[in-house]
Amino acid sequence: MSIALYGSRGSGSAAIEMALRACDLDYELIRASSWEPESRYQELLQVNPLGQIPSLRLADGTVLSESAAILIHLGLQYPQAGLLPSEPSLRAQHLRGLVYIAANCYAAVSVSDFPAQWTTSPEPAAHEAVKAAARAKLHQAWAVFADVFAPLLHESEPGALAFLAVVVSQWSGSRAYLKANKPEFFQSLLELEAQPRLAATLRQHRDA
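Residues numbered from 1 in each chain as written. Predicted model: local features only at pLDDT ≥ 70, side-chain atom pairs only at ≥ 80, totals over all residues. Heavy atoms only, no water.

*Asks:* I'd like a rundown of the packing of helix H5 (residues 124-148) against helix H7 (residues 174-181), residues and numbers included.
*Replies:* In the contact formed by H5 and H7, the axes pass within 10 Å of each other and the chain directions differ by 50°. As the angle between them shows, H5 and H7 are arranged oblique. Crossing angle aside, the handedness with which H5 passes H7 is right-handed. Contact with H5, carried on its side by Leu138, His139, Trp142 and Ala143, involves Ser174, Tyr177 and Leu178 of H7 and no other residues of that element. (Axes fitted to C-alpha atoms, helices over the stretch in contact; angles between N-to-C directions. Helix = DSSP H or I, 4+ residues; strand = E, 2+ residues; numbered from the N terminus. Parallel < 35°, antiparallel > 145°, perpendicular 65-115°, else oblique. Left-handed = near helix turned anticlockwise from the far one by under 90°. Contact = heavy atoms within 4.5 Å.)

*Asks:* Which residues make up the environment of Leu189, and what values do they have?
*Replies:* Checked against the element boundaries, Leu189 lands in helix H8 (residues 183-193). Classification of Leu189 as buried rests on a relative accessible area of 0%. Taking the C-alpha atoms as reference, Leu189 lies 9.0 Å from Leu153; in sequence the two are 36 residues apart. In contact with Leu189, not counting residues within four places along its chain, are Ala165, Val166, Ser169, Arg175 and Leu178. (Buried < 20%, exposed > 50% of the residue type's maximum accessible area, 1.4 Å probe, protein only.)

*Asks:* Could you give an account of the packing of aromatic side chains, naming the residues involved and the relevant values?
*Replies:* For the structure on display, the rule yields seven aromatic pairs. Ring plane angle 50° and centroid distance 5.3 Å describe the contact between Tyr100 and Phe149, whose orientation is recorded as tilted. Placement of Tyr100 in helix H4 (residues 88-113) and of Phe149 in the loop between H5 and helix H6 (160-168) is noted, with a sequence separation of 49 residues between them. Here Tyr100 and Phe149 have matching classes, each one buried. Plain terms: the ring middles of Trp142 and Phe145 are 5.2 Å apart, the flat faces sit at 75° to each other, and that makes the pair edge-to-face. Within this pair, Trp142 and its partner Phe145 are both found in helix H5, separated by three residues, close to a single helical turn. Each member of the pair Trp142 and Phe145 is classed as buried. In this structure an aromatic cluster arises from ring pairing among Tyr100, Trp142, Phe145, Phe149 and Phe185. (Phe/Tyr/Trp six-rings, centres within 6.5 Å; stacked < 30°, edge-to-face > 60°.)

Structure (structure tokens):
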């Protein structure tokens, strides 16, 4: 059984693709979103009942979901790839940053994208209010990330934290907010996008 990555264009699977390439691992990319035509979404549900992308099926059949968990696993399993720092205290900060994005940024994006799922009201105005609140919370979370974690992104060759930060910060108006309110961090994200470890995957996601 080969490694299989269930993902989609413009999704968090881009960060996992970057990591798999950095680890020099062969994998099959399976388009499995709930919104794409000719998607293998039903197959995804067999390995992850929540239907989340990205989901990663390892060669031994083990299934991993949650972007931060996948990146941490790959970083620990393939230390030579440099996805995580080898120095313990620095690695601890990178792990903190990965979970921070998952818990605060990724989670707020989910609410912003599907506001009707987060209120019992059927009224469009209520859905818009939930979306606006989620985006405000998301942008605040990125502002804190810029202050606390941004220096970690440039201490060495881009790794798991840079991959996830670049991908997730593209969503829900976050880049526009950062450009206006955290311009130095915004510029650093653009510089990271140009790095070889990120550029090819980002280009494929734009052009797919």
